[in-house]
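# Structural characterization, general
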Amino acid sequence: MDGKGSRPSVRAVAARAGVGASTLRHHFRTQHDLVDAVLESMYRQALPDERIHDVSVPADIRLTECLSGLLTPVGSPEQAREMWRQLFRTFVDSEQREAGAGYAALVRHARNRVESWLEVLEAEGALPAGDRAFRAIYLATVVDGLAVARALPEDEAVSHYEAAILRAAVNAVLRLPWAPTGATSGPEA
């Protein structure tokens, strides 16, 4: 995609991968499948999640570190800040439908990643069983808010409290009985 959110052609992607367009279509039936595969690969490379499995470290620290990785997936905090600015510019400035689909895919993969971390903590008994999807949405919403704060002109108060905000959200998820009262059962409700 270029800075305006437009999609490259199937031929261009295939050429870049060094395969024919029909081979690419054989492995990725739709552009959605291709985008999902690319995003999953990017998340695996940029955000390895071995740390969540390290039971020698308290669960709240592990989960906070993993969430912090979502905020700074590349380089230094300043490089991550610029990445967020460009990412939001791409999605906010674009009037193309593909940009919305791209943003939805990023959100879906981030939430899936958070849910997988919560699943690990539930399995080891560090997190009581509960509505994992709701918890993941809650934590992702906190991360999204911090990402927006990073993308905007720096607010010293938010950046100063960023780690404490993440820890507070993690502690809320780990320590409170989470059954959303009064909430709908999900997006389909």
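Keep in mind the model is a prediction, meaning the values are calculated, not measured.

Another aspect to go through is the overall build of the protein chain. If you tally the helices and strands in the protein chain, you get eight helices and zero strands. Start at the N end of the protein chain and walk to the C end: the helices and strands fall as α-α-α-α-α-α-α-α. Here the protein chain holds 189 residues, and 33% of them are scored as buried. The long-range fraction of contacts in the protein chain, counting pairs at least 24 apart against all pairs at least 6 apart in sequence, stands at 63%.

Across soluble globular proteins, nonpolar side chains show a tendency to be buried alongside one another. Core analysis: the biggest nonpolar cluster contains 26 residues, and Leu63, Leu67, Val114, Trp117, Leu118 and Leu139 have the highest contact counts within it. Mapped by element, the contributors of at least two residues to this core are helix H4 (59-71), helix H6 (97-123), helix H7 (132-151) and helix H8 (156-175). Among the elements that line this core, the one with the most residues is H7, at seven residues.

Let's shift gears to H4. In a regular helix each residue adds 1.5 Å, so 13 residues correspond to 18 Å; H4 covers 19 Å between its end C-alpha atoms and thus fits that length. Within the sequence span of H4, burial applies to Ala59, Arg62, Leu63, Thr64, Cys66, Leu67, Gly69, Leu70 and Leu71.

Now for the pattern of salt bridges. Inspection of every chain in the model, using the stated rule, returns five salt bridges. Between Arg135 and Glu122 there is a salt bridge whose closest N-O contact spans 3.5 Å. Taken together, the residues span a long stretch of sequence, with Arg135 in helix H7 and Glu122 in helix H6 at a distance of 13 residues. Overall, Arg135 belongs to the buried group, its relative accessible area being 1%. In this structure, a network of salt bridges that share partners links the residues Arg51, Asp54 and Glu65.

Structurally, Ser68 is set in helix H4. When its relative accessible area of 30% is taken as the criterion, Ser68 is described as partly exposed. For Ser68 and Arg167, which are 99 residues apart along the polypeptide, the C-alpha to C-alpha distance reads 9.7 Å.

The subject of this paragraph is H7. Side chains that are three or four residues apart share a direction in an α-helix, a result of its 3.6 residues per turn. With 20 residues, H7 should cover 28 Å at 1.5 Å per step; its first-to-last C-alpha distance of 28 Å lies within 8% of that length. Turning to H7, its buried residues number three or more, namely Arg135, Ala136, Leu139, Ala140, Val142, Val143, Leu146, Ala147, Ala149, Arg150 and Ala151.

Two elements in contact, H4 and H7, have axes separated by 9 Å at closest approach and are oriented at 40 degrees. Between H4 and H7, the angle falls in the class oblique. Our pair here, H4 against H7, has a crossing hand that is right-handed. Two secondary-structure elements touch here, H4 through Leu63, Leu67, Leu70 and Leu71 and H7 through Leu139, Val143, Leu146, Ala147 and Arg150.

All right, on to the environment of Asp49 then. The topology assignment puts Asp49 in the loop between helix H3 (31-46) and H4. Each residue touching Asp49, except ones within four places of it in the same chain, is listed here: Arg113, Ser116 and Trp117.

Right, let's talk about the confidence of the model for the protein chain for a bit. The predicted structure's coordinates, where accompanied by low pLDDT, should not be read in detail. Considering every residue of the protein chain, the mean pLDDT works out to 76; 65% of them sit at 70 or more. Looking at the elements of the protein chain, mean pLDDT is at its lowest for H3, recorded as 62, and at its highest for H4, recorded as 90. Across residues 1-6 the pLDDT falls below 50, and counting only partners more than four positions away or on other chains, this stretch makes ten contacts in the model.

Criteria and thresholds
Residues numbered from 1 in each chain as written. Predicted model: local features only at pLDDT ≥ 70, side-chain atom pairs only at ≥ 80, totals over all residues. Heavy atoms only, no water. Helix = DSSP H or I, 4+ residues; strand = E, 2+ residues; numbered from the N terminus. Buried < 20%, exposed > 50% of the residue type's maximum accessible area, 1.4 Å probe, protein only. Contact = heavy atoms within 4.5 Å. Core = buried A, V, L, I, M, F, W, Y, C linked by side-chain atoms within 4.5 Å. Expected span 1.5 Å × (residues − 1). Salt bridge = Lys/Arg side-chain N within 4 Å of Asp/Glu carboxyl O. Axes fitted to C-alpha atoms, helices over the stretch in contact; angles between N-to-C directions. Parallel < 35°, antiparallel > 145°, perpendicular 65-115°, else oblique. Left-handed = near helix turned anticlockwise from the far one by under 90°. pLDDT = per-residue confidence, 0-100.

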